[in-house]
Amino acid sequence: MSVIAAFFIFSITFIRAEIYFQQDVDYDIEVTLNDTDKTLTAYEIINYKNNSPDTLEFIWFHLWPNAYKNDSSALAKQFFRLGSTRFLNTKEKNRGYIDSLDFSVDGVKAEWQFHSEYIDVAKIFLPEPLFPGAQIKIETPFFVKLPRVISRLGHMGKHFEITQWYPKPAVYDKNGWHVMPYLNMGEFYSEYGTFDVKITLPENYRLMATGDMVNGQKELLWLDSLAIVGDSFKNLSKKELEEHFKKIDGKKEKLKKANEKDSLKVYKNKTIHFRQEDVHDFAWFADPKWIVQKGELSLPSSNRKVTLWSMYLPENAWTWRKSLEYLHDSGQWFSKSYGEYPYNHITAVDGNMSAGGGMEYPNITVISRSDTEDLLEYVIMHEVGHNWFYGILGTNERDHAWMDEGLTEFSGIRYWEEKYDKRNGRFIFSELLQDKIGIGKNVDMSYYQYSGYCSGATSQDAQPLNISSNENYFYRNYGKNYSKVSVMMRYLQHYLGREKLDIIMQDYYESWKFKHPGPKDFVSFFNKHLDEDIDWFFENMIDSTTYIDYKISKKNGKYFLENLGSFNAMAEVAYYDDDNQEINRIWVRPKQKRTALDVPSGCSKIIIDPDQYMPDVNRTNNSTNKKLKMNFVFDKPSFYDIDLNVSPWFPMYNSYDGLSNGIYIKYGGSAGFGGQSIDAWLLYGDRTKMLNGIVWTKKEIDNLWSFSSGTFESMIESRNGREGASFKFVGNNQKRDIYRYENKKIEIDLYYHNIKSNLALSPVLYDLGEFGIAKISMKNFWERDMFNEFSIGSQLHFSSRFAKLNFRAGYYKKFSKKVETLIKINFGTFLFSDKIPKQYRYYLSGSIVPDFDNYVWDRSGDNQFSILNGFYHNGGIRGVNVENPYIASTDNILSLRIDQKVPKIPGKIFFDYATGSILPKENYISGGIKLGPLIIPLYQNWEEKNKIPNNFEWIKERVRFIWVFSRVSFF
Ligand SMILES: [Zn+2]
């Protein structure tokens, strides 16, 4: 390419990037629902106007019902990649597809073909090129077999959620075609236009959709009459409501018969016509059982009237009784804060979606089951809010999910903090726990989001927001589009002030409504309205995984603001006097890792971010002069004091101390504590009449030395006839991409055990005395996908008297839903064995957990539930010698264990083999069935009389419970 040509092309791209355009796509669809076959038969006419400067030879179409067709769809692959077998295990009859397509353009038949990779995308070749400014008419019939709801489109019996259901052109914008297979996350990017849709369905259905009804007087009168019935429930108490529906339920038999009759009854069809301009999507929902409520919202600035519809299932009537209020307040709040709602109705319908929470479409949202009123209001408000961030501001959600999910979620916090200001923004997710018992009673909306954000915020697995939602390693990272943006924007709002933020958002809305804004367009409004460059904020929020961690430190009588994090954010610092009165507060932008603070005279206490707007991942180091603060069981932490969660009654049991009652105190272990926790139990045993207890501390650190994460733990305990102390370090080095996961783990443990009583600890299994033990373990684990896992590892256990060495390997493969194989091989030996305490021998029938790392029901050997007869704790074979369950080796031992899942047999078949140099027999072979936590031996080669069961007693004597459940992980 010549330099001139290159320059020419560069100039064109440069100029092109400057020009904004969007295509006009108008739809005319006639569709008929067959509610018995669960199918749609439809005809679609699209008027496509090319507003781009380019001539188009073809148009990409999304045929998203095909996402539900088979395991090769991008949706199926996404489910699988994220560890869900939901799609894979769906029966054929519950899947869906689109077919009967026959495209023509301006009356001329058009050739078309499927995308080479995506079965739900097709390329339609235009018989004639479509020139800039020109318009064509594309027509096609189509037929949809509706899936049972797996992701969004589908039915649940006679309940229909018709979303992402029709052939739809992909977006063509300044960056070219945006070909998108349907995915569960990051759903939308679509062209704006007018939808004119005629829906034919049986007349007993309540139907609501995007758009206004055209000549819908008859249908509206019917809905109005239903709304009168719906209104009559409004003033009933919860009991009365339940009774009302129980009355119907009470006549179950009658109702069942009526339903059967009903399903046989052929209803006449009705056709309802909907029309809506300036939307980029059209969805409709139908159910014959919905209770209907109707309301009205007078828009705050123009007083224009918007109709509110709420349609819900009788079983959710109590939670939904105030749903009109939620619709009203949401529509009003979003209109007031960002810009007026441009359409004529806002509707929420009660769905049975599997996607969880709710789902947004223009004018209409579908809400899944919510257990409390707050949860329902929150979800309705969020989905209504999507009319602004998704519907009216049509961002590319696949690539910038934060722009619609994050800004909507942030609005959720704003809405909640304004509406529920008087109750301090409290959020009720469980009335029983929070209101009746009093646990977590002060949890508020922003704390809830902050907790979501903190989880994994400093992890090596964190990913920036500005990536395709199909590149997220797992749901947690996708979730940051919600939580991170909501807490970061809340902090920005505090920094800028609410009025300033409203001005910016309103300008953004007005300038970009019914268009496709990108991240740069959004950010440009901040720079337009602010005197300072705000890129420092957005770069950290969107493009990187930096995090805020400030600390207040004192050195030589001077106070410093220390930056332990990677995001150099503006920090608000407040100074207090002896009476805890605020003297001053200032914003500090640290230039270095440690910034000296200019402390005013009379100051005796300093707090960074006093009102907790800054999403600092460790808030406990943000204040001086901490006081003790106690919560009942759990509550929202104050962070700036020492928060102790106290459970005043906490029973525990072990066979030595008996039932022990006492208190449990917890510090940390949740968001904002920097991975730190302390747990302490102080109990009184009813058998020993003595105190027993545990103190356990833990600190998790991401990116420690050369590890991706490291954990330190220490534990001191005195209980169950033993005193013990331990110190552990676990270092993980993980590698992850969107498909694979690999982890190299090293663990170093030091133990001290003082075994004092053979009453608690069977003399057959334990030696009394003091033991100092060290353990070093290494393990490599590979996960190719959720159906293929491998691991290898070794473990060295030693004291001055012995050294025990183990090698282990594991392999797990799932061939299908009903066929899977798990193989474990274990070789153990002793490097030297001057004197091996009994508990460190290799037990043929499973380990006895000699270092007390796992809880064991009964180590005494006194009753039938004792350690090896009754329970299997991992390690050895699963058969058990009834006469002597404690066969053990102090020399080499090799074991192989296979678990095989096969069709038609419940649980798994197990086959175990062991051999060892000094075991009583040369070979030990056992087999049987593993049914949930039960091990049922059916063959044991060492039995003198009956190697297989001759009666039920045989099985009863050998059945054991699995006490430690693990797959390939050993340690
Ligand atoms: Zn959302």
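In this convention, every chain numbers its residues from 1, walking through the sequence in written order. At least 70 in pLDDT is required for a residue's local features to be given in this predicted model, at least 80 for side-chain atom pairs to be given and counted, and no such filter applies to totals for whole chains, interfaces and linings, which use all residues. Where side-chain values are given, they derive from all heavy atoms of the structure, hydrogens and water being excluded.

## With respect to the pairing of strand β2 (residues 39-49)
It is a general feature of regular strands that their side chains alternate between the two faces of the sheet.
So, step 1. The pairing of strand β1 (residues 24-34) with β2 spans 11 bridges and is classified as antiparallel. What sits directly across from D26, in β2, is N47.
So, step 2. Connecting β1 to the next strand, β2, in antiparallel fashion are four residues, including K38 with a positive phi near 60°.
So, step 3. Pairing between β2 and strand β9 (residues 135-145): 11 bridges, direction antiparallel. Following the sheet pairing, T41 is matched in β9 by F143. Strand pairing is assigned whenever DSSP detects at least two bridges linking the two strands. The way it works is that DSSP assigns letters per residue, a run of H or I at least four long becomes a helix, a run of E at least two long becomes a strand, and they are numbered from the N terminus.

## Details of the sheet that holds strand β16 (residues 206-209)
Paired through their backbone hydrogen bonds, the strands of a sheet run either parallel or antiparallel.
So, step 1. Strand order across the open sheet formed by four strands is β10-β11-β19-β16, with antiparallel pairing between neighbours. Edge positions in the sheet fall to β10 (154-156) and β16, since each has one partner strand and no second. Strand-to-strand twist of the sheet, defined as the mean angle between neighbouring strand axes without regard to direction, takes the value 10°.
So, step 2. Note: β10 against strand β11 (residues 159-162), three bridges, orientation antiparallel. Residue pairing in the sheet places G154 in a bridge with E161 of β11. Axis definition: a line fit to C-alpha positions, over the contact stretch in the case of helices; interaxial angles, taken between N-to-C directions, run 0 to 180 degrees.

## Let's talk about the domain arrangement of the chain
In many analyses, interface size is given as the accessible surface area lost on bringing the parts together.
So, step 1. Where a domain begins and ends is set by an automatic assignment or by a domain database. As assigned here, the chain comprises domain 1 (23-191), domain 2 (418-543) and domain 3 (784-971).
So, step 2. Between the C-alpha centres of domain 1 and domain 2 the distance comes to 32 Å.
So, step 3. In this analysis, two residues are considered to be in contact whenever any of their non-hydrogen atoms come within 4.5 Å of each other. Counting residues at the interface gives 13 residues for domain 1, matched by nine residues for domain 2.
So, step 4. Values labelled buried area give the accessible surface lost by two parts on being combined, using a 1.4 Å probe and summing over both. Taking both partners together, domain 1 and domain 2 bury about 860 Å²; carbon and sulfur atoms supply 51% of that area.

## With respect to the nonpolar core
So, step 1. Within this scheme, the nonpolar core is defined by two criteria: the residues are buried Ala, Val, Leu, Ile, Met, Phe, Trp, Tyr or Cys, and they are joined through side-chain atoms within 4.5 Å. Throughout this description, buried means an accessible area under 20% of the type-specific maximum (1.4 Å probe, protein chains only), exposed means over 50%, and partly exposed covers the range between. With 183 residues, the main nonpolar core has W165, W284, M489, F522, F526, F537 and F538 as its most contacted residues.
So, step 2. The dominant element in this core, judged by the number of residues it contributes, is helix α12 (residues 475-496), at eight residues.
So, step 3. Among the domains, domain 1 (23-191) and domain 2 (418-543) are the pair contributing at least three residues each to this core.
So, step 4. Those residues in contact with M489, other than ones at most four positions away along the chain, are L407, F410, L501, F522, F526, F537, F538 and M541.
So, step 5. L761, Y766, F830 and Y843 belong to the second-largest nonpolar core, a separate cluster that totals 29 residues.

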